[in-house]
Structure formats: structure tokens, C-alpha cells
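# Observations on chain architecture
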Amino acid sequence: MSNVTAPAQTGVVGKFSNYLDERTSISGAVKEFGRKVFPDHWSFLLGEVALYSFVIILLTGSFLTFFFQASMTPVNYEGSYVPLKGIEMSAAMASTLDISFDIRGGLLMRQIHHWAALLFVASIGLHMLRVFFTGAFRKPRELNWSIGFVLFVLAMAEGFTGYSLPDDLLSGNGLRIIDGMVLGLPVVGTWITFLLFGGEFPGSDIVGRLYSLHILLLPAFVLIFIVLHLMFVIIHKHTQYPGPGKTEENVVGFPILPVYAAKAGGFFFLVFGVVALIGATVTINPIWNYGPYDPSPVSAGTQPDWYIGFADGALRLVPPHLETYWFGYTWSWNIIIPVLLLVVFLAAAFAYPFVEAWVTGDKREHHLLDRPRNAPVRTAIGAAGVTFYAVLWAAASSDLIATHFKVTMEGVINTLQILLIVGPIIAFVVTKRIALALQKKDREILLHGFETGRIVRLPGGEFTEVHQQLDAYDRWQLVSYNDNAPIMLRPNPQGKITGGMRMRASLSRFFFEDRIAPVTQEEYKQALEHAHH
Ligand code: HEM
Ligand code: HEM
């Protein structure tokens, strides 16, 4: 520790910072943190959008808690929305109507809260895709992928519990589906829903319980995990796209203080402004049009919020009446299969970084991102996953697709069932081919330059097109990537080849058999010599 005091600062800000520093020694940490460099790329804004929408959600959500009543006690609505006057509904719904019509600024807060929630999950989803397609999850960031993944699941849980709070028709329909799904779980299902709903659906407890989850437990976990997530971003340093001067060992960008902090601060207000504008002008969840929950209509044309669509779609695509009666219990495969499908899909996304690390056997640290084309199989797997998700998502609107386009419901469902299996396969094959073709193109450009369209006649009479070589700046991006080749199956020190080793070798072949080898120094030199002749 040093006893030398910093030169006394004048001015209010200076004096205040001296006061703070003398009592906390915080200046060292601020200096250290402020010098951190953050690279610049639009796709790195997605994580920031997620962060800022969470702040907006916290602010508006706190406002809503002042007025919302998490109670299912029946009341007769007496607020100022005339068409519902005198109608029986829960205190939760009545208070949400009050927030919308009788509390100053209430509707705006509700709408901003809801729009920010949609943006929150959307930005997380896109952020996750950015991290996936660029290979940012590779060592040392696998753990941060796992933390992020927990955030993704927590965000969906937050959204679902929030959506259920107003206790209107849409809330009830959503909860009814959850009730049905839990009931369909063998052996334990009935007991779990009784526990959850405090008796038979809908009971009188669920809104209160969801409320504790929504405003206390889940946000606390989200907050803890976001802090952990960002700590890891700082510890690992941010990745960067390949480009001039960028290597696995450095980070090229702006220091956090003052440049990045100013940019990020400005960006927060931009995000807040856009969400506030949408919240102020575009209606969302007008519960007064739906009324209180009523189980009688066959289809209310209701839709969950977008991020729950894939789960709803999975339920719709499974053939109905798939049931067996075993050991005195009904096994509802039409529920168990979609639930398993979703669990496996999410588990696969969670585990992907670890599987890829095992297949490649790559123990190096990676701070340079992959261009998606340079990892064709990963990119293709991502495209297959996105297609699978998209088909499930479309299935959540199967009834609306049928009524909108005047086609039969069975036709829509059957088409989507086929697409769910065939779509990802086609997406995989096509994406992999495109990625390999792009790699070939890069190779060609690197070795032979661009075609200029300028034809010259050589002294011998021969016509030839002049090619323009890349400058060093552009070349950097094309050559700076790591390549993987299939691993060879070699006996272990005991002289054995185990089943695990075989599986790893065949997965490695699946990943890297079709590959365009990067241009070697030798090839490049030859190409240059050739060009000079
Ligand atoms: C509440 C949700 C989340 C927030 C607020 C958040 C925020 C951030 C921020 C601000 C960054 C740095 C800037 C950037 O690269 O965009 C970042 C990086 C990262 N995030 Fe997230 N994130 C969230 C969810 C996720 C999810 C769902 C995943 C993956 C499953 C994930 C994985 C990562 C990884 C691996 C990095 C490091 C990327 C790199 O250095 O290139 N995050 N996150
Ligand atoms: C990531 C976190 C969150 C998400 C995704 C989320 C999402 C939602 C959604 C979609 C609704 C239904 C809104 C509507 O009526 O149209 C809702 C309601 C509500 N949320 Fe949140 N929320 C989150 C965090 C919070 C937090 C932290 C609080 C409190 C501090 C909060 C307080 C409330 C309250 C009181 C309601 C009921 C009032 C109403 O429905 O208008 N929320 N939330």
C-alpha cells in the first residue's frame, strides 16, 4: 500500500471523488476497469439490449407492484371501464384493469413492462445465436454459456409467470395448458398440480404463488446470474471478430472509460426510448377485450407470448389419442412426448459447447471468433436447430394459419409434422454446402485475387484477364482462422480402442470430413509467384 496521497482535486466532483477514494480506495479498481478494452461490433449490442431491457422491466415492474393485487378473491368490477362494470372477476384482474384505466400512467407502465419483456427474451435469443454461430462459447467461455443458458430459461419463466398474473382469459388459458401438461406426467402429475394450484385447477392460490416467483425469487436469480455473467465477460475479456491486427492474444477496441461507457450509456437511453415509444403507441395485452377466464370456448384464438410458442406448438404437433394404460395409470404419450422433446432440445442447446469441445479435443483458448462459414458443421447444426424451433413456433399458430389462408387444420398440422422432421435435415445440408462454397470462394480470392474485368493482350497475342490481389488489410480476415481436421483413431496407452473413442472419432469425421483446407504459406507464395509471371 502506498502512503502517497493523490494530488488534491478541486471542484465539487474532484472533492467528492477524493472523499470517496480516501475511504474506499476505489480509484484503483475504477482505473483498472476503465482501461478494459471492449471491441466494437453491432452484434455485441444484443447482450446490452438484454441488459437494458431488464433494467426497464425492473423499473416498470416496481411501479406495477404498488397497485397490483395478487389475489384470486372474486370481486365485482366497479372501475371506470363501463363494458365490464358489475362483472365478477378476481381481485388480480380488477386491479390490472385499475392500473390500465384509473391509475395515472398505469397503462403506459403496463405496456412498457410487457413490451420490454418481449424485447428482453428476443434479445437474449438473438444474443445466444450470435454466441453460437461465432463459436464464442469455446474455451474459456463454456461456463458463461451455461450461466447465459440459465438466464434464458429464467427469462421464459419470468415471462410466463408475468403473463399469468392479470388472471384474465389469456392467463387462464395459459395456466390450463400448464395444468394439462403437468397432469399428463405419469404417476406424480396429479400430485404436482394439486401442490401448484392448491387443489383442483384453477383453485384460489396460483396467482399469489406466481406473484412471489415473479417479483421476488426469479428476479433475484436473474440478477445474480447477470452479475456472474458480466463478471465472466470482464474476466475472460471480450472476443473479437477476425480482422486486421486482431489475434488470439489481444483485444482491439475502445477502453471502457470514457468511450465505451458513454456509448453504452447513450445506447441505454436509446433502447429505453424505443421501448417507451412502442409502449406508448402500440396496444399490448388489452385484457378488457378478453374478460375474465372462462374455460367454455373451444378456441378463443388465443396465443401465448412469442417465446412460449415453441412449447405450445410441440403440444399441437403430436398426434392425439396416444395413450396406454399401464400399472393402473394412464400414460398420456401425447403429453409426455412433447415434454421430452422440449427437454431434449433445450438440453442439447445447453450441452453443445461441451460436446463440440469433446469432439474437437481442442484445449486451446479462443478469443478470436469464427466466421460462421469457417465452421460449416456447427453453422449447419445451428441452422437445423433454428428451423426446428421455427416449425414448432409456427405450429403454435396452426389454427390462425388455417383460418387466415382458408386451408384445413389437418392439412396445416400434417405439413408442419413433416416439416419438423424434414426441415432441419434440409437446413443442415443446404447450410453446410453454402458455408463450404463460401470457404472455397475465399480460398479462390486469396490465391488469385479479384477478377477485374480488364482484359489485356500479351506481346505474344494471348488475351488474359488482370486479377487484383487483396491488400494486406483484407487478407488478414481471410487467413486468420483455426482449422480442425478429423481426429485419427489411435489406441490408448493400454493399447485399446474403447467405444467412447470410436464414437468420438466418428463424430469428428462427421464434423470435419468435408473441409476446405485453409491456404498455406507455401500455396500463397506460389500463387503470388504465378501472378507475377
Ligand atoms: C439476461 C440475459 C443476458 C444478458 C443480460 C447478457 C449480457 C451479455 C453482455 C452484455 C455480454 C457482452 C456483450 C455481448 O457480447 O453481447 C455478454 C456476453 C456473452 N454472453 Fe450473454 N447475456 C445474457 C444471456 C446469455 C445467454 C442466453 C447466453 C448463451 C446461452 C449467453 C452467452 C454469452 C457469452 C458466451 C458471452 C461472451 C461472448 C464473447 O465474449 O464474445 N448470454 N452477455
Ligand atoms: C425478466 C423479468 C420480467 C419479465 C419477463 C416480466 C414479464 C411480465 C409480463 C409479460 C407481465 C404481464 C403484463 C400485462 O399485464 O400485460 C408482467 C406482469 C407483472 N410484472 Fe413482470 N416481468 C418481469 C419482472 C418483473 C419484476 C422484477 C417485477 C417487480 C419488481 C414485476 C412486476 C410485475 C407485476 C406487478 C405484474 C402484474 C401487473 C400487470 O399484469 O400489469 N415484473 N410481467
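Each value, and the rule that gives it
Residues numbered from 1 in each chain as written. Chains lettered and ligands numbered in written order. Predicted model: local features only at pLDDT ≥ 70, side-chain atom pairs only at ≥ 80, totals over all residues. Heavy atoms only, no water. UniProt positions renumbered as here; feature names shortened; annotations may be inferred. Pairing = 2+ DSSP bridges. Helix = DSSP H or I, 4+ residues; strand = E, 2+ residues; numbered from the N terminus. Donors = N, O, S within 2.8 Å, 3.2 Å for Na, K, Ca; no water. Tetrahedral: all angles 85-135°; square planar, octahedral: opposite > 155°, others 65-115°. Buried < 20%, exposed > 50% of the residue type's maximum accessible area, 1.4 Å probe, protein only. Near = heavy atom within 4 Å. Polar contact = N/O pair within 3.5 Å; in protein donor to acceptor, adjacent residues only side chain to side chain. Nonpolar A, V, L, I, M, F, W, Y, C, P; charged D, E, K, R; others polar. Patch = residues over 30% accessible without salt bridge, like charges linked within 9 Å, V, L, I, M, F, W, Y side chains within 5 Å. Areas by Shrake-Rupley, 256 points an atom, 1.4 Å probe, with all protein chains shown as cover. Salt bridge = Lys/Arg side-chain N within 4 Å of Asp/Glu carboxyl O. Contact = heavy atoms within 4.5 Å. Core = buried A, V, L, I, M, F, W, Y, C linked by side-chain atoms within 4.5 Å. Phe/Tyr/Trp six-rings, centres within 6.5 Å; stacked < 30°, edge-to-face > 60°. Lys NZ or Arg CZ within 6 Å of the ring centre and 35° of its normal. Domains from an automatic or database assignment. Buried area = accessible area lost by both parts, 1.4 Å probe. Axes fitted to C-alpha atoms, helices over the stretch in contact; angles between N-to-C directions. Parallel < 35°, antiparallel > 145°, perpendicular 65-115°, else oblique. Left-handed = near helix turned anticlockwise from the far one by under 90°.

- As recorded in an unreviewed UniProt entry, the chain goes by the name Cytochrome bc1 complex cytochrome b subunit, listed as coming from Aurantimicrobium photophilum.
- Listed under Catalytic activity (unreviewed entry) in UniProt, the entry text for the chain is "a quinol + 2 Fe(III)-[cytochrome c](out) = a quinone + 2 Fe(II)-[cytochrome c](out) + 2 H(+)(out)".
- The Subcellular location (unreviewed entry) comment attached to the chain in UniProt states, word for word, "Cell membrane".

## Let's talk about the pairing of strand β5 (residues 323-326)
- Alignment of β5 against strand β6 (residues 329-332), held across four bridges, turns out to be antiparallel. Looking at the pairing, Tyr325 lines up with Thr330 of β6.
- Between the antiparallel neighbours β5 and β6 lie two residues, among them Phe327 with a positive phi of about 45 degrees.

## Some details on the coordination of the iron atom of ligand 2
- Summarising the metal site, the iron atom of ligand 2 is bound by the protein donors His113 (NE2) and His214 (NE2), whose distances to it range over 2.0 Å.
- Around the iron atom of ligand 2, the six donor atoms sit at angles spanning 86 to 179 degrees, and that spread fits a shape best called octahedral. Taken together, the positions of His113 in helix α5 (residues 106-133) and His214 in helix α9 (residues 206-236) put the pair 101 residues apart, joining distant regions of the chain. Considered together, His113 and His214 belong to a single accessibility category, that of buried residues.

## Let's talk about the site of ligand 1
- Taken together, 25 residues lie around ligand 1, and His127, Arg130, His229, His238 and Thr239 are the ones closest in.
- One of the side-chain nitrogen or oxygen atoms of His238 is found 2.7 Å away from an oxygen atom of ligand 1.
- In the environment of ligand 1, an oxygen atom lies 2.3 Å from a nitrogen or oxygen atom belonging to the side chain of Thr239.
- At six residues, the largest contribution of residues to the shell around ligand 1 is made by α5.
- Partitioning the shell around ligand 1 into residue classes produces 16 nonpolar, six polar and three charged.

## Structural notes on the coordination of the iron atom of ligand 1
- At 2.0 Å from the iron atom of ligand 1 lie its protein donor atoms, namely His127 (NE2) and His229 (NE2).
- Here the iron atom of ligand 1 binds six donor atoms, and the angle range of 85 to 180 degrees at the metal identifies the geometry as octahedral. Note that His127 is positioned in helix α5 and His229 in helix α9, a separation of 102 residues in sequence.
- According to the relative accessible area criterion, His127 is partly exposed, its value standing at 21%.

## Focus: the site of ligand 2
- As a matter of local geometry, ligand 2 sits amid 25 residues, with Arg110, His113, His114, His214 and Asn285 nearest to it.
- In this structure, His114 approaches ligand 2 through a side-chain N or O atom, which is 2.6 Å from an oxygen atom.
- A distance of 2.7 Å separates a nitrogen atom of ligand 2 from a polar side-chain atom of His214.
- Elements represented by at least two residues in the shell around ligand 2 include exactly α3 (45-65), α5, α6 (142-164) and α9.
- It is α3 that provides the largest number of residues to the shell around ligand 2, a total of seven residues.

## Description of a nonpolar patch on the surface
- There is a patch of nonpolar side chains on the surface, built from Leu213, Ile215, Leu216, Leu217, Phe221, Ile224, Val227, Leu228, Met231 and Ile235 and spanning about 890 Å² of accessible area.
- With respect to the secondary-structure elements, Leu217 resides in helix α9.
- Judged by relative accessible area, which is 43%, Leu217 ranks as partly exposed.

## Examining the side chain of Thr431
- In this fold, Thr431 is placed in helix α16 (residues 409-448).
- The residues touching Thr431, leaving out its near neighbours within four places in the chain, are Thr379, Ala380 and Ala383.

## Some thoughts on the nonpolar core
- Core analysis: the biggest nonpolar cluster contains 80 residues, and Phe120, Leu317 and Leu392 have the highest contact counts within it.
- If one sorts the elements of this core by residue count, α5 sits on top with eleven residues.
- Each residue touching Phe120, except ones within four places of it in the same chain, is listed here: Ala50, Ser53, Phe54, Ile57, Ala155 and Val222.
- Listed in part, the nine residues of the second largest apolar core include Leu84, Met89, Ala94 and Trp288.

## Regarding the packing of aromatic side chains
- Evaluated as defined, the whole model comprises 35 aromatic pairs.
- Between Trp306 and Trp393, the aromatic rings sit 6.2 Å apart at their centres with planes inclined by 80 degrees, giving edge-to-face as the arrangement. Taken together, the positions of Trp306 in the loop between α11 (287-290) and α12 (309-317) and Trp393 in helix α14 (residues 376-395) put the pair 87 residues apart, joining distant regions of the chain.
- Three or more aromatic residues link up through ring pairs in this structure, and these residues are Tyr52, Phe267, Phe268, Phe269 and Phe272.
- Directly above the aromatic system of Tyr19 lies the positively charged group of Arg23, at a separation of 3.7 Å from the ring centroid.

## Quick word on the domain arrangement of the chain
- Assigned domains within the chain: domain 1 (35-293) and domain 2 (448-532).
- At the junction of the two partners, domain 1 supplies seven residues and domain 2 supplies five residues.
- Summed over both sides, the interface of domain 1 with domain 2 buries roughly 490 Å², with 60% coming from carbon and sulfur.
- At the boundary of domain 1 and domain 2, one finds zero salt bridges.
- There are two residue pairs in polar contact (both at pLDDT 80 or more) connecting domain 1 and domain 2.
- Within the side of domain 1 that touches domain 2, the residues separate by chemical class into two nonpolar, three polar and two charged.

## Thoughts on the pattern of salt bridges
- Applying the stated criterion across every chain, the model contains 15 salt bridges.
- Notably, a salt bridge pairs Asp362 with Arg364, separated by 3.0 Å at the nearest N-O pair.
- Judged by its relative accessible area of 40%, Arg364 is partly exposed.
- Two residues, Asp514 and Lys432, come together in a salt bridge whose shortest N-O distance is 2.9 Å. Of the two residues, Asp514 sits in the loop between α18 (499-512) and α19 (521-532) while Lys432 sits in helix α16, which places them 82 residues apart along the sequence.
- Note on Lys432: relative accessible area 10%, which makes it buried.
- A single salt-bridge network, built from bridges that share partners, covers Arg138, Glu356, Asp370 and Arg378.

## As for the packing of α6 against helix α13 (residues 333-360)
- Two elements in contact, α6 and α13, have axes whose closest approach is 8 Å; the angle formed by their N-to-C orientations is 165 degrees. Between α6 and α13, the angle falls in the class roughly antiparallel. Crossing of α6 over α13 shows right-handed handedness. Contacts between α6 and α13 pair Glu142, Trp145, Ser146, Phe149 and Phe152 from the former with Leu346, Ala349, Phe350, Pro353 and Phe354 from the latter.
- Tallied by class, residues from the contact of α6 with α13 come to eight nonpolar, one polar and one charged.

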